[in-house]
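Notes for the structure review
Take a look at the letters that make up each chain.
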Amino acid sequence: MRARAAAVTALALACTLVLAGCDLGFSLGFGGKPDGHFEGSELTVPVLYVSGGKGGVATQRITAEAADGGDLSIDITENDVSGVAPVTQSATWTAVTAATLLTGARPDTAYTFGFDARINTPAAGAVTAVGVLALYYGSEIQPGVALAGGVTPFGTVSPVAGLPEQVSAAIEAGGIDTILVPVGQRIAADANGQPIDLDQVAATGGMTITEVADVASAYAIMTGEDLPEAAFPTPAASPTPLPTATEGPAEPGDDAFDIAVNSALAPRRGIAHDGERRLARRALPCDRRPRTSATRGRRRWGSIRRRRDGSGRCRGGGCPGR
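Described in the following lines is the structure provided in the data block. (Residues numbered from 1 in each chain as written. Predicted model: local features only at pLDDT ≥ 70, side-chain atom pairs only at ≥ 80, totals over all residues. Heavy atoms only, no water.)

A short note on the pairing of strand 4 (residues 109-115)
- With 6 of 7 residues buried, strand 4 is to be regarded as a mostly interior element.
- Inspection of the sheet shows strand 2 (residues 54-66) paired to strand 4 by 7 bridges, in the antiparallel sense. When the bridges of strand 4 are listed, Glu65 appears paired with Ala110.
- Across 5 bridges, the pairing between strand 3 (residues 73-77) and strand 4 is parallel. Considered in strand 4, the bridge of Ile76 is made with Phe113. (Buried < 20%, exposed > 50% of the residue type's maximum accessible area, 1.4 Å probe, protein only. Helix = DSSP H or I, 4+ residues; strand = E, 2+ residues; numbered from the N terminus. Pairing = 2+ DSSP bridges.)

A word on the sheet that holds strand 1 (residues 41-51)
- Pairing is mixed in the open sheet, where 4 strands are placed in the order 1-2-4-3. Edge positions in the sheet fall to strand 1 and strand 3, since each has one partner strand and no second. Mean inter-strand twist for the sheet, computed between neighbouring axes without regard to direction, equals 20°.
- Here strand 1 runs beside strand 2; their pairing, made up of 11 bridges, is antiparallel. Within the sheet, the bridge partner assigned to Tyr49 lies in strand 2 and is Gly56.
- Its contacts with the sheet put helix 4 (residues 163-173) on strand 1 and strand 2, and the angle it makes with strand 2 is roughly 85°. (Axes fitted to C-alpha atoms, helices over the stretch in contact; angles between N-to-C directions. Contact = heavy atoms within 4.5 Å.)

What to know about the packing of helix 2 (residues 86-103) against helix 3 (residues 125-137)
- Here helix 2 crosses helix 3 at 40°, and the two axes come no closer than 8 Å. When the axis of helix 2 is compared with that of helix 3, the two are oblique. Relative to helix 3, helix 2 is oriented so that their crossing is right-handed. On the side of helix 2, the interface is formed by Ala91, Thr92, Ala95, Ala99 and Thr103, while helix 3 contributes Gly125, Thr128, Ala129, Val132, Leu133, Tyr136 and Tyr137.
- Looking at the contact of helix 2 with helix 3 residue by residue, the classes come out as 8 nonpolar, 4 polar and no charged. (Parallel < 35°, antiparallel > 145°, perpendicular 65-115°, else oblique. Left-handed = near helix turned anticlockwise from the far one by under 90°. Nonpolar A, V, L, I, M, F, W, Y, C, P; charged D, E, K, R; others polar.)

In short, the description is geometric, and any link to function would need to be established separately.
Listed below in C-alpha cells is the structure:
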C-alpha cells in the first residue's frame, strides 16, 4: 500500500512539475484578468472520510490566487499536528494535476486546501478535483451533495475503502441528500469485510447513491453544469460504420480488417496443420511412414531387438526407422 501511494505521489509530482515548467498560453476563466490569474476566489466542499473504522464528515476550504513567485504552489493547512496524512496530501496534488490537465489552466497558481478535521484517506481526491474545476469555471457547489472517491491524473474517479462507514456518517451528520461513489462500488465492503448495499444504507437516511466514472460526471451533479467540451471532448465517430443487426456479418476478405486477421492467423494455422500431419504419420504402420531426419537418426538403435507382429506394427519400444 505504501509503495502504491508513493508511486501515485511520484506520478502526480512529475505531471505537475512538467506543467509548472511550461509557459502555457491558457487563461483561467474565472479570474477576470487578461493574464489568466486571479485573486480571492474560494469555496468549500464536504469531505467524507474514515478514521479508526468510523466514518466522518469534514469541510475542505479551497482557495486559488496568483502565485507570487510565478510557480505552482500547494499549501495544505491543518488544525491538528499531522492532521493531514501523506495519502491525503498525495490525493490533493493529484487532484490539482487532473484539474490542470483537463482545463489547460496556467500552472503559476497558489492553491490552499484547509481541512477542519484529521484526514487520512485518498477519498478526498475526487471532490478536491471537482472543487478546483468549480473555481476555474466560476461555478458553485450545490448543497446536499457529497463525493467519496479517489482521482487519477487524467480525471478518473478511482475506488476507495470505507464507503459504508462514510455513508453512515453522512446520515448522522445530516444535510446531505446525494452521495456520489465510484462506478462499481454500489456494493462495498465494510470494516469487517462484509459486502454492504449502499442503497439500502442510504435509504435509511432518505439519501440516494449515484455512481460516477470521472470528475466530469461528478462536476455536472455537484454544480448543475456540464464541463465545457474542451475539457472532456466527445470521441470522434468511427470512420467505418459498424454493421447493423439486419445487415449481418461482412463477408470474409471484404475489408482490410479481414485481411489483417487472416494474416495474423496464418502462422498459427500452419502450426496446426503441421501438428495434424505429425499425428497422421504416427498412425501409419512403421514400413509406410515417410522418412524424416528424425527417423533416419534412429538407425543407431540396432542394440535393441524389435520384432513385427502380424499387423506390421512394431513391438519392443518403438519403430527403428528405415
